[in-house]
Amino acid sequence: MHYRKKVNYKIRMGLVLALCINLVILSDKLFVSSNAQEEKKYSFSFKWGSKGYDDGEFIRPHDVEFDSTGNVFVSDRDLNNIQKFDPHGKFIKKWGSNGTAIGQFNQPYSISIDSSDSIYVVDKVNNRIQIFDTEGNFIDSMDSVVGSKLNESLYLPEDMAIDPNTHDIYIADTGNNRIVKLDNEFNFLTEWGSKGRDPGQFDHPHGIGVDSAGDVYINDLNSPRIQKYNSEGEFIKEWGSKGKGPGQFTPPLEHLFVDASDNVWLVDGMDNPQLQQFDSEGEFITAVGSGPCVIEDNVKENPESMRQTLPCDGKLHQPEHAFINAEGNLYVVDRGNHRVVVYSEVD
């Protein structure tokens, strides 16, 4: 009788232990599930553009952005202009030409649009930022960083981002391998960076974005990583390595952006032309696009041929910038194919 009591006690204790282990595993799974970012699927929706100099055509399209009404603005680095389209790619107007005067550009590299629909153009080789309204009328410009301890002049800047809450401006001052932070009246606030590949350093800072918490994300052209900083330039973390798998990149990289849900999107290099999406902690979510898929020159130079269904629809060749509009559609500048490619969420 005494022996059976010992056996029963051991069995009961074993059952209790197993139950506790299962509860711990279940609670851990529930915790991970509740914090995991839901993956969204995207499929090819439509495209527009062809190679040329006429309205709605591109030579080297570079960046894409949206105003509050959904109009699309595309910069062309080699045409030195900004083109305005409706959300479906219908041409509306354009402005800009090569030069140094107000309203002229020398490689309009990137575009940012603030909550008042002011359009900021990173005029790279002119070492300045120009601001326009949505009709292309000039508003203001800046080309100096008064108060900087490193350099009071911009040098070949390539990208910028605007904090959605404070409206502070962050400039990837590429030639100086630094990030410059200004308020929305261009008053100097802070700066950080130097040349190198250690945390807090940059090797050709190329893309920049800001999330709703004020954290700043930067990618280099030449190193396979994304760095994350707080709003004062204090290093938080980095992620990425060289390769073609999830969370890996193939330099030279292109540009990143942060979407309305604080997810970070990076346009990978020409050897792996796709976009990778991460949460704000660097956890991989999904990838969009594939390639390289090269459209032949005789097709690219024919607008009617480019409007037809093509084997490269949904695929990319040397993508550059990308952004998501208010409806959740992903617009990608497919630079190598002289067009804009649009992907839509799949239910």
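Residues numbered from 1 in each chain as written. Predicted model: local features only at pLDDT ≥ 70, side-chain atom pairs only at ≥ 80, totals over all residues. Heavy atoms only, no water.

Let's talk about unusual backbone geometry
Negative phi values dominate among residues other than glycine, just as trans dominates among peptide bonds.
Moving on, step 1. At the junction of Pro-251 and Pro-252, the peptide bond is cis and its omega measures out at 0 degrees in the coordinates.
Moving on, step 2. With respect to the helices and strands, Pro-252 occurs in the loop between strand E19 (248–249) and strand E20 (256–258).
Moving on, step 3. Across the junction of Gly-291 and Pro-292, the peptide omega takes the value 5 degrees, indicating a cis bond.
Moving on, step 4. You can see Pro-292 is positioned in the loop between strand E23 (284–288) and helix H2 (297–300).
Moving on, step 5. For Gln-107, which is not glycine, the phi dihedral falls at a positive 70 degrees.
Moving on, step 6. By the secondary structure assignment, Gln-107 is in the loop between strand E5 (91–95) and strand E6 (108–113).
Moving on, step 7. With a relative accessible area of 19%, Gln-107 lands in the buried category.
Moving on, step 8. For His-338, which is not glycine, the phi dihedral falls at a positive 60 degrees. (Helix = DSSP H or I, 4+ residues; strand = E, 2+ residues; numbered from the N terminus. Buried < 20%, exposed > 50% of the residue type's maximum accessible area, 1.4 Å probe, protein only.)

Quick look at the packing of aromatic side chains
Moving on, step 1. Tallying each qualifying case throughout the model produces 24 aromatic pairs.
Moving on, step 2. When the ring of Phe-73 is compared with that of Trp-95, the centres are 6.4 Å apart and the planes differ by 65 degrees; the resulting orientation is edge-to-face. Residue Phe-73 is located in strand E3 (residues 72–76), and its partner Trp-95 is located in strand E5; the two are separated by 22 residues in the primary sequence.
Moving on, step 3. With a relative accessible area of 0%, Phe-73 lands in the buried category.
Moving on, step 4. Between Trp-192 and Tyr-229, the ring centres sit 5.5 Å apart and the planes meet at 45 degrees, which makes this aromatic pair tilted. Taken together, the residues span a long stretch of sequence, with Trp-192 in strand E13 (residues 188–192) and Tyr-229 in strand E16 (residues 226–229) at a distance of 37 residues.
Moving on, step 5. Connected via pairs of aromatic rings, a cluster forms that spans Tyr-42, Phe-46, Trp-48, Phe-58, Phe-66, Phe-85, Phe-91, Phe-257, Trp-265, Phe-323 and Tyr-331. (Phe/Tyr/Trp six-rings, centres within 6.5 Å; stacked < 30°, edge-to-face > 60°.)

Side note on the sheet that holds E6
Moving on, step 1. Read across the sheet, four strands follow the order E6-E7-E8-E9 without closing on themselves; strand pairing throughout is antiparallel. The sheet is open, and its two borders are formed by E6 and strand E9 (138–142), each paired with just one other strand. In this sheet, adjacent strand axes meet at a mean angle of 20 degrees when their direction is disregarded.
Moving on, step 2. Where E6 and strand E7 (residues 119–123) come together, five bridges link them in antiparallel fashion. Across the sheet, Ser-112 pairs through a bridge with Tyr-120, a residue of E7. (Pairing = 2+ DSSP bridges. Axes fitted to C-alpha atoms, helices over the stretch in contact; angles between N-to-C directions.)

Quick look at the state of the cysteines
Moving on, step 1. Going through the model one piece at a time under the given rule, you end up with one disulfide.
Moving on, step 2. The residue that forms a disulfide with Cys-293 is Cys-312, at a sulfur-sulfur distance of 2.0 Å. Disulfide Cys-293 to Cys-312: torsion about the S-S bond roughly -85 degrees, handedness left-handed. Placement of the pair is Cys-293 in the loop between E23 and H2 and Cys-312 in the loop between helix H3 (303–307) and strand E24 (319–324), with a sequence separation of 19 residues. For the pair Cys-293 and Cys-312, one class covers both residues: buried. (Disulfide = S-S within 2.5 Å.)

Looking at the sheet that holds E13
Moving on, step 1. What the four strands build is an open sheet, ordered E10-E11-E12-E13; its pairing is antiparallel. Here the strands that pair on one side only, and so sit at the sheet edges, are strand E10 (159–162) and E13. Sheet twist, expressed as the average angle between the axes of neighbouring strands with direction ignored, equals 20 degrees.
Moving on, step 2. Bridge count between E10 and strand E11 (residues 169–173): four bridges; the pairing is antiparallel. What sits directly across from Met-160, in E11, is Ile-171.

Describing the layout of surface pockets
Moving on, step 1. By volume, the largest pocket is sized at about 1,100 Å³.
Moving on, step 2. Of all the secondary structure elements, the ones that give two or more residues to the lining of the largest pocket are strand E2 (61–66), E6, E10, strand E14 (205–210), E20 and E24.
Moving on, step 3. In this structure, the second largest pocket occupies an estimated 200 Å³ of space.
Moving on, step 4. In terms of lining, the second largest pocket is formed by 13 residues, of which the most central are Trp-48, Gly-49, Gly-56, Pro-303 and Arg-307.
Moving on, step 5. At the level of elements, strand E1 (41–48) and H3 are the ones that each hand at least two residues to the lining of the second largest pocket. (1 Å grid on protein atoms, 1.4 Å probe; cavity = no way out; pocket = protein on both sides within 12 Å on 5 of 7 lines; lining within 4 Å. Points joined across faces, edges and corners; volume = space filled by probe spheres on them.)

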